[in-house]
Amino acid sequence: MLGVPLLIACVPGIIAILLAWWFRKLNLSLFVRLLPGILTFIASIILFYISFVYIRGFEGAAYGILAFFLLPFAIVASIIASKNKGVQS
């Protein structure tokens, strides 16, 4: 019950983290760098809402757990995107 939503959340979560890292490496604007984290956070909220209001029972609980596991990926992607690259010589 917990393993499958965790493994399913890893795919979009890792994609969001890699996109945030890649956008940071390209020196894009802060808004563009934060987009993967923001979109993952919004997707998590929408998934939780759908699981709570429309889908009930065990399948709704699985969607809620998936939404819960997406949140740490969104936070990590936002932290990676907001870090400064540092002083370059």
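Residues numbered from 1 in each chain as written. Predicted model: local features only at pLDDT ≥ 70, side-chain atom pairs only at ≥ 80, totals over all residues. Heavy atoms only, no water.

This part takes up the overall build of the protein. Summing up its helical and strand segments, the protein has 3 helices and 0 strands in all. The order of helices and strands in the protein, counted from the N terminus, is α-α-α. Across its three principal directions, the C-alpha atoms of the protein cover 55 × 20 × 15 Å. For the protein, the residues scored as buried account for 28% of the 89 residues in total. (Helix = DSSP H or I, 4+ residues; strand = E, 2+ residues; numbered from the N terminus. Buried < 20%, exposed > 50% of the residue type's maximum accessible area, 1.4 Å probe, protein only.)

Looking now at the environment of K25. Checked against the element boundaries, K25 lands in helix α1 (residues 3-25). In sequence terms K25 and S44 are 19 residues apart; their C-alpha atoms lie 26 Å from each other.

For the rest of this paragraph, the subject is α1. In a regular helix each residue adds 1.5 Å, so 23 residues correspond to 33 Å; α1 covers 32 Å between its end C-alpha atoms and thus fits that length. When the local axis directions of α1 are compared, the greatest deviation, roughly 30 degrees, occurs at C10, which is followed within four positions by the proline P12. Residues of α1 that are buried in the fold lie against α2 (30-53) and α3 (57-82). Remark: N27 follows α1 within two positions and exhibits a positive phi of approximately 60 degrees. (Expected span 1.5 Å × (residues − 1). Bend = angle between axes of the 7 residues up to and from the residue. Contact = heavy atoms within 4.5 Å.)

This next bit is on α3. In this model α3 runs 38 Å from its N-terminal to its C-terminal C-alpha over 26 residues, within 8% of the 38 Å that 1.5 Å per residue would give. Listed in full, the buried residues belonging to α3 are G60, G64, I65, L66, A67, F69, L70, F73, A74, A77 and A81.

Purely geometric stuff here, so don't read any function into it on its own.
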